[in-house]
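Here's the letter readout for the chains.
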Amino acid sequence: MEYLRSRKKTGHWGGRFRAATALFVCVALLGGCNVGPKYHRPDVATPTAYKELPAASAPEASIFKVAQPSDSAIRGKWWEMYNDPELNKLEDQVDTANQSIIAAVDNFFAARAIVREARAQYFPTFTTDPNATETRTSGNLVNSNTGTGSSHTLAIYTLPFDGTWVPDLWGRVRNTVREQAAAAQVSGADLENTRLTMHAELAVDYFELRTQDALQTLLDSTVAAYQDSLNLTQALYDTGIDSQESVYQAKTQLETTQAEDIGVGNLRAQFEHAIAVLIGQPPANFSLPPGTLATNAPVIPVGVPSELLQRRPDIAAAERTMAETNAQIGIARAAYYPTLTLTGQGGFEANKLVKWLDWSSRIWSVGASMSETLFDAGLRRATVQQFVAQFDASVANYRQTVLTAFQQVEDNLAALRILNQQIQQQDVAVKSAQHTLDLAVDRYRTGIDPYLNVITAQTALLADEQTEVTLREQRMTASVQLIEALGGGWDTSQLPSQKQVAKSPQKPPPAP
């Protein structure tokens, strides 16, 4: 009998071991299954060259540089291409003080934390719930067998350890991790896009402000010239050579220009306030002394259209969004398959404190359960269809983002090329207007022509000079927008990989 009991015991444990081994092998084999679709980046139509890039023999080709494979394209602090120390000093403050960038950084760190949350589902969960209970029964409760009542005290001390694990048999967890990792990469690309936008916006506002300084200088000199003209007209009137009408014409022109000169300060103040906000300062605490507007835009390395797919953070964000929605399809498909849950419990239980942790007080249990949805009225199928449609939409959005990027580069290439030609022609117009004014003043001094001809020539010269300043501002702005359209100094090699976003990063200190 003892032998039989021994064999039965051995067979009992052997059966458990074989069952556990079989279960482990099944879990290991099924753990390699992934019912989600494999992600492939879709193709997008890419031209071989930019249409608006002038030929190498064209006069305008000097303002562009076609980057060769060995050439270093726009890198790092692209604003230093403008050789403006004041601009450099302002741009260096953006990364640490701009609140939009700081918010984007925090969003990126939050997205990376969500990846680690998703990865935690790979592993079992262990909990414990120690419990000590002592119970005394009432002595007035009559025992039905003895007909008497007695009280007694019962103590139970429990130290359980519970474990639960849901193996990733169908790739639900893996696709969840991929989804969140792609979402974190989207957040990282959005951060770089915000950074690029803020730097470009600061540069544009800075050149707009310098344009107002240039207009202010122009109008100041024009007011001084008009004052001289008024003095001349007044002197001729006093000597009886000219009429009082000419005096008032000169006075009206002077006062009108003085009012315009004052009005320049309005736009300058607005741009100064905008710059203060971009570098994280209250407008009341920031001021920028007057300066000069750069006369020439830097030579910008353009590259070829195919490189744009790797250099634009918004394109990278759109591409990672496709990977995110693709993983969501796998999550939805995994709902078609059963869920296996493994549970286990072990610990100690006794009714005496001194025996609580004795080996004879040990307890344990193991178990496995599997659940499967038998009927959901088409819920899972509709969910899969939803995510497939969302993936298709993300593909369309990606292709549209690429097309828009090509458009923006072409627009600014055309703008720089045409503005360069227009400025050259406008310089000629300014010289002609100045010559016309000189002739009109000479003829007025000799009494040949009335003062109205001088006013007409002065008005034409001022309009041409203002147009020239505005065109130079537009050229500087177009150059900044071209750099922004080309992605600044960023490329996809700077985007963290899916493994990197799953690591716990060292968050930079907050801005002061």
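That block above? That's the structure.
How each quantity is defined
Residues numbered from 1 in each chain as written. Predicted model: local features only at pLDDT ≥ 70, side-chain atom pairs only at ≥ 80, totals over all residues. Heavy atoms only, no water. Helix = DSSP H or I, 4+ residues; strand = E, 2+ residues; numbered from the N terminus. Buried < 20%, exposed > 50% of the residue type's maximum accessible area, 1.4 Å probe, protein only. Contact = heavy atoms within 4.5 Å. Areas by Shrake-Rupley, 256 points an atom, 1.4 Å probe, with all protein chains shown as cover. Phe/Tyr/Trp six-rings, centres within 6.5 Å; stacked < 30°, edge-to-face > 60°. Core = buried A, V, L, I, M, F, W, Y, C linked by side-chain atoms within 4.5 Å. Expected span 1.5 Å × (residues − 1). Polar contact = N/O pair within 3.5 Å; in protein donor to acceptor, adjacent residues only side chain to side chain. Axes fitted to C-alpha atoms, helices over the stretch in contact; angles between N-to-C directions. Parallel < 35°, antiparallel > 145°, perpendicular 65-115°, else oblique. Left-handed = near helix turned anticlockwise from the far one by under 90°. Nonpolar A, V, L, I, M, F, W, Y, C, P; charged D, E, K, R; others polar.

**Student:** Break down the overall build of the chain for me, citing the residues and quoting the values.
**Tutor:** Check the secondary structure of the chain and you find 10 helices and seven strands. Evaluated residue by residue, the chain yields a buried proportion of 41% over its 512 residues. Pairs at least 24 apart in sequence give 84% of the contacts found in the chain among residues at least 6 apart. In the form shown here, the chain has an accessible surface area of approximately 28,300 Å², with 56% of it arising from carbon and sulfur atoms.

**Student:** Give a detailed account of the packing of aromatic side chains, specifying residues and quantitative values.
**Tutor:** Under the definition given, this model contains eight aromatic pairs. Between tyrosine 122 and phenylalanine 123, the ring centres sit 6.4 Å apart and the planes meet at 80 degrees, which makes this aromatic pair edge-to-face. What makes tyrosine 122 partly exposed here is its relative accessible area of 27%. Given a relative accessible area of 51%, phenylalanine 123 falls into the exposed group. Ring geometry for tyrosine 157 versus tryptophan 356: centroids 5.7 Å apart, planes at 45 degrees, classification tilted. Taken together, the residues span a long stretch of sequence, with tyrosine 157 in strand S4 (residues 153-165) and tryptophan 356 in the loop between strand S6 (339-350) and strand S7 (362-371) at a distance of 199 residues. Neither tyrosine 157 nor tryptophan 356 differs from the other in exposure class; each is buried. Put simply, the rings of Tyr82, Tyr206 and Phe207 touch in pairs and so form one group of aromatic residues.

**Student:** Would you mind going over the nonpolar core in detail, with residue names and values included?
**Tutor:** Among the nonpolar cores identified, the biggest contains 61 residues, and Trp78 and Phe207 are the most heavily contacted of them. Going through the elements one at a time, helix H2 (85-97), helix H3 (99-119), helix H4 (172-238), helix H5 (244-278), helix H6 (305-311), helix H7 (313-334), helix H8 (379-445) and helix H9 (451-485) are the ones with two or more residues in this core. Sort the elements by how many residues they give to this core and H8 lands first, with 13 residues. Here tryptophan 78 is in contact with Leu196, His199, Ala200, Ala203, Val480, Ile483, Gly488 and Gly489, once residues within four sequence places are set aside. By size, the runner-up hydrophobic cluster in this structure holds 21 residues, among which are Val430, Leu437, Tyr451 and Val454.

**Student:** Any chance you could break down H3 for me, citing the residues and the numbers?
**Tutor:** With 21 residues, H3 extends 31 Å between its outermost C-alpha atoms, agreeing within 8% with the 30 Å of an ideal straight helix rising 1.5 Å per residue. Ile101, Ala104, Val105, Phe108, Phe109, Ala111, Arg112, Val115 and Ala118 are the residues of H3 that are buried. On its buried side, H3 packs onto H2, H4 and helix H10 (498-501). Taking the backbone nitrogen of serine 100 as reference, a side-chain oxygen 3.0 Å away marks asparagine 98 as the first, capping residue of H3.

**Student:** Describe in detail the packing of H4 against H7, supporting the description with residues and values.
**Tutor:** The geometry of a pair of packed helices is captured by two quantities: the angle between their axes and the separation between those axes. Direction vectors running N to C along H4 and H7 enclose 165 degrees, while the axes themselves pass 8 Å from each other. In terms of orientation, H4 and H7 fall into the roughly antiparallel class. Read as a crossing pair, H4 and H7 show a hand that is left-handed. Looking at the contact of H4 with H7, its residues break down into 12 nonpolar, seven polar and eight charged.

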